[in-house]
Amino acid sequence: ENEDLRSLRELTMYGLKGLAAYVKHANMLGGDSRAIDAFIQEALAKLLDDSLDAAALTALALETGKFGVDGMALLDASNTGAYGQPEMTTVELGVRKNPGILISGHDLRDLEMLLEQTAGTGVDVYTHGEMLPAHYYPAFKKYPHFAGNYGNAWWKQKEEFEAFHGPVLMTTNCVVPPAASYKDRLYTTGAVGVAGCPHIDGDRTYKDFSPLIAQAKRCPPPAELEQGTIVGGFAHEQVFALADKVVAAIKSGAIKKFVVMAGCDGRMKSRDYYREFAEKLPKDTVILTAGCAKYKYIKLPFGDFGGILDAGQCNDSYSLVRIALKLQEVFGLASVNDLPVVYNIAWYEQKAVIVLLALLFLGVKNIHLGPTLPAFLSPNVAKVLVENFGIGTIADVESDLKTMIG
């Protein structure tokens, strides 16, 4: 009945859900951590303990952030161990003349099995949404039928899946209830499912995607939504390889500020703020991004990688943290908060919450979170986050540019 205690419990619960999602992806590649698994169980038990006061529940939320860092590190090691370090890559946005299969979600192992089974069939594979960063991994570049990225963020599924014409495979969350016109070619696998849509069973060792391949061969090629390319692949090791150039650009004044614009996209008009904010940033700033929020601005004409560095999926926010910590080390600063880095993050669901808790655990302050603060934060809990961590909301583009960029 105490809204502050309930708020703190929900903050931790959302974080645990996000952490569990990241651990699930790591499990698909053989990554495992008994310590993280044990913490999740321990934290769930503590959330049922009515004797815990606000101080204890706040500590639990920050401890969840600590394991959030560990979980993202586990997934990063699992992804790079299996597929190599992401590298700067140009991704095609147009379409080919072959029939295709569109894969969305986050699970790279599902993509690998699909690519293996479609090799030599005359069926191309395209990514959608959060699967875009798969193009950045060296291991997937050996597949000539890995065609490019189709469409945008999750909330545009209905029109984009309709236009694709071929089968669509959803590997994780962010599924929009399908229209009847393509429901028979929307497939799910793993933890995700949609009533009335075919589900592909199996585990990380093997899944049979032959129904999608057979259906794809009966479908026309995808309708072209756009042409051109986008550049990404700036995870931590790629940026470390460019460290000399980055440091020189900072010292010369060519780069005055980095703006972390990670997180989630959504259909609400209020989220157009992030595109406008990116458009109006001065030329001496560089956007560091990860997650589907990037679809609001990654296709803007920034030129080369000097304007925007895409690290990958939402879990690759870990890379952005690694980059910030490396810059702190290079410049010999006492705190990561002394860097010329500002945070303007769009949140939507539980994986964004675990990223936020991880940043708070690492001591990152003055994060701007929008379009609004999470509704489950009580006024008192929100006040604590503002006073102790400098958490802020967004206002309008012009005033926020003055506040964040100066």
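Fair warning: this is a prediction, and the values are worked out from it, not measured in the lab.

J.: Just checking my understanding: could you explain the pattern of salt bridges for this structure?
T.: Opposite charge on two side chains makes pairing possible when the charged atoms of those side chains draw close. Under the counting rule described, the total for this entry stands at 18 salt bridges. Linking K280 and E398 is a salt bridge whose minimum nitrogen-to-oxygen distance equals 2.9 Å. Linking K280 in the loop between α9 (272–279) and β10 (285–289) with E398 in helix α13 (residues 397–404), this pair joins segments that are 118 residues apart in sequence. Classification of K280 as partly exposed rests on a relative accessible area of 41%. Residue E387 is joined to K383 by a salt bridge in which the shortest nitrogen-to-oxygen separation is 4.0 Å. With a gap of four residues between them, E387 and K383 both fall in helix α12 (residues 379–389), about one helical turn apart. Here E387 falls in the exposed class, since its relative accessible area comes to 56%. Overlapping salt bridges, with partners in common, bring together K269, D272 and R275 in one network.

J.: Would you mind showing me how to read the pairing of strand β12 (residues 341–346) here?
T.: Each regular strand displays side chains that alternate between the two surfaces of the sheet. With six of six residues buried, β12 is to be regarded as a mostly interior element. Neither face of β12 is exposed, since V341, Y343 and I345 on one face and V342, N344 and A346 on the opposite face are all buried. As defined by bridge partners, strand β9 (residues 257–260) adjoins β12 across three bridges and the pair is classed as parallel. By the bridge assignment, V259 is partnered in β12 with V342. Both β12 and strand β13 (residues 367–370) contribute to a ladder of four bridges, which runs parallel. Pairing of N344 across the sheet is with H368, part of β13. Where the polypeptide runs from β12 across helix α11 (residues 350–361) and back to β13, its parallel neighbour, the crossover connection is right-handed.

J.: Looking at this model, I keep getting lost on the side chain of S104. Mind explaining?
T.: Tracing the sequence through the fold places S104 in strand β2 (residues 100–104). According to the relative accessible area criterion, S104 is buried, its value standing at 5%. The contacts of S104, once residues within four sequence positions are left out, are H128, G129, M131, L169, M170, T171 and T172.

J.: Sorry if this is basic, but what is going on with the sheet that holds β2 here?
T.: Strand pairing in a sheet is mediated by backbone hydrogen bonds. Such pairs are either parallel or antiparallel. The strand order across the open sheet formed by six strands is β4-β3-β2-β5-β6-β7, and the pairing between neighbours is parallel. Of all strands in the sheet, those bounded by a partner on one side alone are β4 (146–149) and β7 (199–200). Pairing analysis gives three bridges linking β2 to strand β5 (residues 168–170), with the strands arranged parallel. Counterpart to S104 in the pairing with β5 is M170. Sitting on the sheet, helix α5 (residues 157–164) touches β2, β3 (124–127), β5 and β6 (186–189), and the angle it makes with β2 is about 155°. Contacting β2, β5, β6 and β7, helix α6 (residues 210–217) runs over the sheet at an angle of about 135° to β2.

J.: Is there a simple way to think about unusual backbone geometry in this case?
T.: What you tend to see is this: most non-glycine residues have negative phi, and most peptide bonds are trans. Cis geometry marks the peptide bond from G370 to P371, where omega comes out at 0°. Within the fold, P371 resides in the loop between β13 and α12. For H165, which is not glycine, the phi dihedral falls at a positive 80°. Looking at the secondary structure, you find H165 in the loop between α5 and β5. Since its relative accessible area comes to 29%, H165 is described here as partly exposed.

J.: Mind showing me how you'd approach the sheet that holds β10 here?
T.: With parallel pairing, five strands are arranged side by side in an open sheet as β11-β10-β9-β12-β13. On the outer flanks of this sheet lie β11 (308–310) and β13, each paired with one strand and no other. Averaged over all pairs of adjacent strands, the angle between strand axes in this sheet comes to 20°, irrespective of strand direction.

J.: What exactly am I supposed to notice about the packing of aromatic side chains here?
T.: What describes a pair of aromatic rings is the distance from one ring centre to the other and the angle between the planes of the rings. The tally for this structure, following the rule as stated, stands at 14 aromatic pairs. What links up through ring pairs into an aromatic cluster is the set Y83, Y137, F140 and F146. Its guanidinium or amino end placed over the ring of F67, K66 lies 4.4 Å from that ring's centre, counting from NZ or CZ. The ring of F240 carries the charged tip of K326 above its face, separated from the ring centre by 5.6 Å.

What counts and how
- Residues numbered from 1 in each chain as written.
- Predicted model: local features only at pLDDT ≥ 70, side-chain atom pairs only at ≥ 80, totals over all residues.
- Heavy atoms only, no water.
- Salt bridge = Lys/Arg side-chain N within 4 Å of Asp/Glu carboxyl O.
- Helix = DSSP H or I, 4+ residues; strand = E, 2+ residues; numbered from the N terminus.
- Buried < 20%, exposed > 50% of the residue type's maximum accessible area, 1.4 Å probe, protein only.
- Pairing = 2+ DSSP bridges.
- Right-handed = clockwise from strand over helix to strand, strands pointing away.
- Contact = heavy atoms within 4.5 Å.
- Axes fitted to C-alpha atoms, helices over the stretch in contact; angles between N-to-C directions.
- Phe/Tyr/Trp six-rings, centres within 6.5 Å; stacked < 30°, edge-to-face > 60°.
- Lys NZ or Arg CZ within 6 Å of the ring centre and 35° of its normal.

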